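Here is what each chain is made of, one letter per residue.
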Amino acid sequence: MATIDADQCPIDGEAVLLGSATLEGEKSFMQQAIAEAEEGVLSGGGPFGAVVVKDGEVVAFAHNEVVPSLDPTAHAEVNAIRKACKKLKTFSLEGSRDACSTPAATPA
């Protein structure tokens, strides 16, 4: 499987980024989301990965598990949000950001 550099994934059209931060920080988060997407493919899921970031730190990360878990809600971003809420012991992720890879950002 090819590795994708975050430079190949323009932040505007091929990623979902909520909130604001430095471009270099966002690239790092996107690289982590892309790595999760690659892990998801290797484990039988779709090519999607996500990280939840709060105060400049990754709180949680996950990949798509829809097919292996037979759960249509097991999208990467939903899984990452669930993990972040559990870790932070709250349902509110106010002030957090979500970086997600998309099929356009992963190898065909």
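Look up a bit, the structure's there.
Since we're looking at a predicted model, the values are computed, not measured.

Q: Please provide a residue-by-residue account of the overall build of the chain, values included.
A: The secondary structure content of the chain amounts to three helices and four strands. Shown N-terminal to C-terminal, the secondary structure of the chain runs as helices and strands in the order β-α-β-β-α-α-β. When each of the 108 residues of the chain is scored for burial, the buried share is 39%. Relative to all contacts within the chain whose residues are 6 or more apart in sequence, the contacts with residues 24 or more apart total 56%. Working note: accessible area of the chain is about 6100 Å², and carbon and sulfur atoms make up 58% of it.

Q: Can you lay out unusual backbone geometry for me, pointing to particular residues and giving the numbers?
A: Working note: non-glycine residues mostly have negative phi, and peptide bonds are mostly trans. With phi around 55°, aspartate 55 is a residue other than glycine that occupies positive phi space. For aspartate 55, the position within the fold is in the loop between strand 2 (49-54) and strand 3 (57-63).

Q: So what about helix 3 (residues 76-88)? Which residues, and what values?
A: Between its first and last C-alpha atoms helix 3 spans 18 Å; for 13 residues at 1.5 Å apiece the expected length is 18 Å, and the two agree. Along helix 3, the positions that sit buried rather than exposed are Ala76, Asn79, Ala80, Ala84 and Cys85. Trailing helix 3 by a residue or two, lysine 89 shows a phi angle of about 60°, which is positive.

Q: An account of the nonpolar core is needed here, citing residue identities and associated values.
A: In terms of nonpolar packing, the biggest core is built from 11 residues, these being Ala50, Val52, Val59, Ala60, Ala62, Ala76, Ala80, Ala84, Cys85, Leu93 and Cys100. Among the elements of the structure, strand 2, strand 3 and helix 3 are those that each provide at least two residues to this core. The biggest single contributor to this core is helix 3, with four residues. With residues up to four places along the chain from it excluded, the contact list for valine 52 reads Glu57, Val58, Val59, Ala60, Ala80, Ile81, Ala84, Leu93, Ser96 and Arg97.

The rules behind the values
Residues numbered from 1 in each chain as written. Predicted model: local features only at pLDDT ≥ 70, side-chain atom pairs only at ≥ 80, totals over all residues. Heavy atoms only, no water. Helix = DSSP H or I, 4+ residues; strand = E, 2+ residues; numbered from the N terminus. Buried < 20%, exposed > 50% of the residue type's maximum accessible area, 1.4 Å probe, protein only. Contact = heavy atoms within 4.5 Å. Areas by Shrake-Rupley, 256 points an atom, 1.4 Å probe, with all protein chains shown as cover. Expected span 1.5 Å × (residues − 1). Core = buried A, V, L, I, M, F, W, Y, C linked by side-chain atoms within 4.5 Å.

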